[in-house]
Amino acid sequence: MIVGRYAPSPTGSLHLGNLRTALAAWASTRSRDGRFLLRIEDLDGDRCRPELIDRQLADLRNLGVDWDAEPIIQSQRTDVYTAEFEKLKRFRLVYPCFCSRRDIAEAASAPHGPGPGVYPGTCANLPATEVAERIAAGRQHCWRIRVEAAPTTFFDALIGPREIDLKREGGDFVVRRADGWFAYQFACAVDDALSGVTEVVRGADLLDSGARQAWVLDRLGLPVPRYLHLPLMLGENGARLSKRVGSEDMDGLTARGFSPDSVRSYLAWTLGLCGTGERITMSEVASRWDWKRVPQGDFHHQDAILETFR
Ligand code: GLU
């Protein structure tokens with residue numbers, strides 16, 4: 001049984017690129033009569049806006065995306081993540097890190113440091129007594145997972161094998177933040193595995209996350225889903241679409257007179273499923289779905305083509 005999912009963060013309204021990814025994830029699953037799940041990734045309290053959840057779900061429903069169970073809400077699953085996290089602690093795969101951002105930036109760019117953006121391993125091997133003292137003194141700390149033994153090749157079912165050396169790509173990464181919340185990499189991996197997801201379709205900007213999440217799951221002895229990272233949809237000018245700017249979201253498109261049917265058909269066209277101006281239903285999206293039809297490489301939004309679907 002194929003189990004797919006879409007996992008938006010309620011940090012803004014879904015833009016055309018997000019909707020395209022959702023449509024692809026849905027179609028890939030439904031084309032093989034799979035189960036499709038929805039998960040709200042709302043762990044980043046500073047950036048998430050709960051009032052956007054209903055709007056995102058409504059946009060997906062309007063497009064025709066449906067799902068088979070109540071959406072999973074990450075902010076309600078701390079117990080689940082804690083149980084898995086305790087396993088990593090028992091295996092001594094995670095350690096508390098007391099570094100501030102500034103400590104890390106300075107150590108990383110020092111003459112023998114690993115370079116900008118890579119955790120230099122400052123707290124990786126602190127003596128247990130030192131750790132206990134710092135924790136007893138109430139020092140703020142996050143928890144990082146060791147990546148020294150991680151494989152350096154990540155396999156993506158769409159892109160193929162890719163060299164991703166986690167030691168050089170950021171190093172030991174955060175699984176639990178200093179404020180106690182679990183980090184995206186950890187929660188996402190655990191949720192995919194525990195909800196039986198077999199196939200993860202999402203934007204290619206998360207390819208490195210695939211390597212991190214596969215590593216977490218491997219260490220936990222949980223099943224690793226098949227990953228397919230879809231090339232991104234960019235704006236006409238080649239710039240990244242942004243949820244926060246509200247560029248090309250459903251409300252904006254509706255205000256410009258595009259119906260959900262026309263938006264879906266345009267997105268289906270960008271995925272190689274229909275001709276310009278051709279209206280296509282959700283069941284046709286599923287029955288025509290074929291990964292081989294999906295254009296390779298980033299896709300530039302084309303307003304003139306969108307117009308043909310009016
Ligand atoms: N929540 C992430 C986002 O909205 C996507 C995570 C995923 O699909 O794994 O960008």
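Report follows, based on the coordinates. (Residues numbered from 1 in each chain as written. Predicted model: local features only at pLDDT ≥ 70, side-chain atom pairs only at ≥ 80, totals over all residues. Heavy atoms only, no water.)

1. Digging into the nonpolar core
So the rule is basically this: Here, nonpolar core refers to any group of buried Ala, Val, Leu, Ile, Met, Phe, Trp, Tyr and Cys residues whose side-chain atoms link them within 4.5 Å. Throughout, exposure labels follow a simple rule: accessible area from a 1.4 Å probe, protein chains only, divided by the maximum for the residue type, with under 20% read as buried, over 50% as exposed, and the rest as partly exposed. Secondary structure counts use DSSP, requiring at least four H or I residues in a row for a helix and at least two E residues in a row for a strand, with both numbered from the N terminus. The contact rule is simple, with two residues in contact once any of their heavy atoms fall within 4.5 Å.
Ranked by internal contacts, the top residues of the largest apolar core, which has 46 residues, are Leu-60, Tyr-266 and Leu-267. Broken down by secondary-structure element, the contributors of at least two residues to this core are α1 (16–30), β2 (35–40), α2 (51–63), β10 (226–230), α8 (250–255), α9 (260–270), α10 (282–288) and α11 (303–307). At eight residues, the largest contribution of residues to this core is made by α1. Once residues lying within four places of it in the same chain are set aside, the contact partners of Leu-60 are Tyr-6, Leu-14, Leu-19, Ala-22, Leu-38, Val-65 and Trp-67. Of all hydrophobic cores here, the second largest spans 34 residues; its members include Leu-37, Val-94, Ile-164 and Phe-182.

2. Examining the site of the ligand
Quick note on the threshold: What makes a residue near a molecule or strand is one non-hydrogen atom of that residue sitting within 4 Å of it. Polar contacts, as counted here, are pairs of nitrogen or oxygen atoms within 3.5 Å of one another; within protein the pair requires one atom able to donate a hydrogen and one able to accept it, and residues that are adjacent in sequence qualify only if both atoms are side-chain atoms. For every accessible area listed, the method is Shrake-Rupley and the probe measures 1.4 Å; residues are considered covered only by the protein chains on display. Each residue gets one label: Ala, Val, Leu, Ile, Met, Phe, Trp, Tyr, Cys and Pro are nonpolar, Asp, Glu, Lys and Arg are charged, and the others, such as Gly, are polar.
Near the ligand, the surroundings consist of 10 residues, among which Arg-5, Ala-7, Ser-9, Glu-41 and Arg-202 are the closest. Within the side chain of Ser-9, a nitrogen or oxygen atom sits 2.8 Å from a nitrogen atom of the ligand. Coverage of the ligand by the protein amounts to 80% of the 300 Å² it exposes when considered alone. Residues that form the shell around the ligand fall into these classes: five nonpolar, one polar and four charged.

3. Some thoughts on the environment of Arg-5
Examined against the element boundaries, Arg-5 turns out to sit in strand β1 (residues 3–6). You can call Arg-5 buried: its relative accessible area is 4%. Separated by 2.9 Å, the side chains of Arg-5 and Asp-192 make a polar contact.

4. Let's talk about the packing of aromatic side chains
Selection rule: Each Phe, Tyr or Trp ring (for Trp, its six-membered ring) is paired with any other whose centre lies within 6.5 Å, and the angle between the two planes then decides the class: stacked below 30 degrees, edge-to-face above 60, tilted in between. For a Lys NZ or an Arg CZ to count as sitting over a ring, it must be within 6 Å of the ring centre and within 35 degrees of the ring normal.
Applying the stated rule across the entire model yields 10 aromatic pairs. Aromatic ring contacts, followed pair by pair, group Tyr-81, Phe-85, Trp-143, Phe-182 and Phe-186 into a single cluster. Over the face of the ring belonging to Tyr-119 we find Arg-144, whose NZ or CZ atom lies 3.8 Å from the ring centre. The cationic tip of Arg-310 hangs over the ring face of Phe-258; the distance from NZ or CZ to the ring centre is 4.1 Å.

Without other data, these values stay purely geometric and don't point to any function.
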